[in-house]
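Chain by chain, the residues run as shown.
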Amino acid sequence: MEVTSTAPVTVRVPAKVNLELRIGPLEDDGYHSLSTVFHAVELHDHVTVRAADEWSVTTTGVGAGIVPDDDTNLAMRAAKLIAARIGTDERLAIDVDKKIPVAGGMAGGSADAAAALVAVDAFWDSGFSPRELQDMAAELGSDVPFALEGGTAIGSGRGEHLVPVLSRGAFEWVFALHHDGLSTPAVYAECDRLRGNRRIPEPKPNTALMAALRAGDVDALASNLQNDLQDAACSLMPKLTTTMTTGLDNGALGAIVSGSGPTVAFLCADRTSALDLMVTLSASNVCDEVVSAAGPVHGAHVVHDVRHR
Ligand SMILES: C[C@@](CO)(OP(=O)(O)O)[C@H](O)COP(=O)(O)OP(=O)(O)OC[C@H]1O[C@@H](n2ccc(N)nc2=O)[C@H](O)[C@@H]1O
Ligand SMILES: Nc1ncnc2c1ncn2[C@@H]1O[C@H](COP(=O)(O)OP(=O)(O)O)[C@@H](O)[C@H]1O
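Rules behind the numbers
Residues numbered from 1 in each chain as written. Chains lettered and ligands numbered in written order. Predicted model: local features only at pLDDT ≥ 70, side-chain atom pairs only at ≥ 80, totals over all residues. Helix = DSSP H or I, 4+ residues; strand = E, 2+ residues; numbered from the N terminus. Expected span 1.5 Å × (residues − 1). Buried ≥ 20, exposed ≤ 12 C-beta atoms within 10 Å, placed from the backbone. Arc of directions from axis to C-beta. Contact = placed C-beta atoms within 7 Å. Pairing = 2+ DSSP bridges. Axes fitted to C-alpha atoms, helices over the stretch in contact; angles between N-to-C directions. Near = placed C-beta within 6 Å. Nonpolar A, V, L, I, M, F, W, Y, C, P; charged D, E, K, R; others polar. Domains from an automatic or database assignment. Core = buried A, V, L, I, M, F, W, Y, C linked by C-beta atoms within 7 Å. UniProt positions renumbered as here; feature names shortened; annotations may be inferred.

Caption draft 1: Helix α10 (residues 271-284), seen in detail. The end-to-end C-alpha distance of α10, which contains 14 residues, comes to 20 Å, matching closely the 20 Å that a straight helix rising 1.5 Å per residue would cover. Turning to α10, its buried residues are A274, L277 and L281. Along the axis of α10, the buried residues cluster in a sector spanning 65 degrees; they form a single face. Facing away from the buried surface of α10 by more than 90 degrees, the exposed residues are T272, V279 and A283. Of the surrounding secondary structure, the elements contacted by the buried residues of α10 are β7 (171-177), α9 (239-249), β10 (264-268) and β11 (289-295). Positive phi appears at N285, one or two residues downstream of α10, with a value of about 65 degrees.

Caption draft 2: Quick look at the sheet that holds β7. The strand order across the open sheet built from 4 strands is β9-β10-β7-β11, with neighbouring strands paired in antiparallel fashion. Each of the sheet's edge strands pairs with one partner strand only, and the pair in question is β9 (254-257) and β11. Strand-to-strand, the axes of this sheet are offset by a mean angle of 25 degrees, without reference to chain direction. Pairing geometry for β7 and β10, over 5 bridges, is antiparallel. Bridge pairing links V174 to F266 in β10. Here α9 sits on the sheet and contacts β7, β9 and β10; the angle it forms with β10, its principal contact strand, is near 10 degrees.

Caption draft 3: Structural detail: the site of ligand 2. Taken together, 20 residues are adjacent to ligand 2, and L74, A103, G108, G109 and D112 come closest. Going through the elements one at a time, α1 (74-86) and α2 (108-123) are the ones with two or more residues in the shell around ligand 2. Ranked by the residues each element gives to the shell around ligand 2, the list is headed by α2, at 4 residues. A class-by-class count of the residues in the shell around ligand 2 yields 9 nonpolar, 10 polar and 1 charged. Counting only domains with at least three residues in the shell around ligand 2, you end up with domain 1 (9-165) and domain 2 (171-295).

Caption draft 4: Region of interest: the site of ligand 1. Neighbouring ligand 1 are 19 residues, the closest being G105, S142, P185, G259 and S260. Contributions of two or more residues to the shell around ligand 1 are made by β1 (9-26), β2 (32-52) and α5 (184-195). Taken together, the residues that form the shell around ligand 1 break down as 6 nonpolar, 11 polar and 2 charged. Each of two domains, domain 1 (9-165) and domain 2 (171-295), supplies a minimum of three residues to the shell around ligand 1.

Caption draft 5: Here's a closer look at the nonpolar core. Of all hydrophobic cores here, the largest spans 92 residues; its most connected members are A75, A114, A115, A116, L117 and W173. Of all the elements, α2 adds the most residues to this core, at 10 residues. Mapping this core onto the domain boundaries places at least three of its residues in each of domain 1 (9-165) and domain 2 (171-295). The residues touching A116, leaving out its near neighbours within four places in the chain, are V47, V49, A75, A78, A79 and I94.

Caption draft 6: The domain arrangement of the protein chain, seen in detail. Domain boundaries assigned for the protein chain yield domain 1 (9-165) and domain 2 (171-295). On the side of domain 2, 35 residues touch domain 1, which itself brings 30 residues to the contact. At the level of elements, β1, β2 and β5 (152-156) are the ones that each hand at least two residues to the side of domain 1 that touches domain 2. Here the side of domain 1 that touches domain 2 is built from residues that sort into 18 nonpolar, 9 polar and 3 charged.

Caption draft 7: Focus on the UniProt feature "domain: GHMP kinase N-terminal" (unreviewed entry) in the protein chain. Following the UniProt record, one finds the feature "domain: GHMP kinase N-terminal" (unreviewed entry) at residues 73-151. Along residues 73-151, the helical share is 58% and the strand share 10%, with 25 Å between the first and last C-alpha atoms.

Caption draft 8: Representation of the environment of C191 within the structure. Along the chain, C191 falls in helix α5. You can call C191 buried: it has 21 C-beta atoms within 10 Å. Spatially, the C-alpha atoms of C191 and G169 are 33 Å apart, while their sequence positions differ by 22 residues. Excluding residues that lie within four positions of it along the chain, C191 makes contacts with I23, D228, L229 and A232.

Caption draft 9: Representation of unusual backbone geometry in the model. Cis geometry marks the peptide bond from G261 to P262, where omega comes out at 5 degrees. Positionally, P262 belongs in the loop between β9 and β10. Its identity as a non-glycine residue notwithstanding, A103 has a phi of 55 degrees, on the positive side. Residue placement: A103 occurs in the loop between β4 (91-98) and α2. Backbone geometry places A107, a non-glycine residue, at a positive phi of 60 degrees. For A107, the location among the structural elements is in the loop between β4 and α2.

Shown next as structure tokens:
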């Protein structure tokens, strides 16, 4: 197919935190079924695509040094998936500007894949429907469909089957980042090890959490945050327990390890207490970096003015 090349396209895409992450038993295919509540927060990567003689992917920003620059980069995989679907041999240069911590449990790689799908679709005006983009996203990884959607959503299966959650208002978060990342497979394996022979029920969403989101009740949300991978992440990186305790002792209403970690997410009563907590955590040396971000926010979308990001 002939494609029409246009000016570069930039897409903004959010990080996620799992407000709830319930992990089922290990299955025969080596994966776990899960029930999760994804929540998109205003910590964004930007992915730009432009016409080029050769395929390339270049990453700048936080953790750029450990992001692959070959076909294993999820943004590259997404772009080449669209190229294959429309049957073009045109090539693209992909620039990824990262604010989402790499290997931080905030699905930065998946976010870049979602952003690349949206950017390449717009760049080549390929006209895929939202459903077709969602199907391609699910092919690329279980967290990729949510990065396309954003907002707050229940994820089932491995997280790729999404149902939006009714949620009122905005929530203020502080994220404590640790630069030594945790590997997702290692955390799942540690979860299995800690569970031993215990019988694990099929995971399902917690209705109290849904009610808290529907009501915009930050205290109820804080007391219903739940992550079945948290003990495993803390077992592999014991300093996460200290980070969580420090945040809870200094005004956070709730604390949770984000996904497979090692980022720790703190839920705060309002913007002022989030800023106070940021200052305290920054001075405390329990983590490498502290950022604040509200949620929920939109999923991957084209930005027309990239100067004010
Ligand atoms: C934990 C979560 C929570 O949203 O995200 P992160 O916090 O890492 O971003 C996800 O389940 C991350 O899912 P995904 O991004 O698909 O994981 P992958 O890197 O593909 O999986 C790496 C390995 O982790 C284990 N794995 C992953 C997902 C799953 N549902 N069960 C598993 O057992 C498997 O051993 C798999 O080979
Ligand atoms: N565009 C990308 N950005 C970040 N990591 C990527 C990307 N593409 C591939 N990866 C690989 O995926 C791994 C997991 O990264 P990431 O998605 O940031 O973390 P997590 O799975 O903890 O949410 C990284 O260690 C990196 O090797």
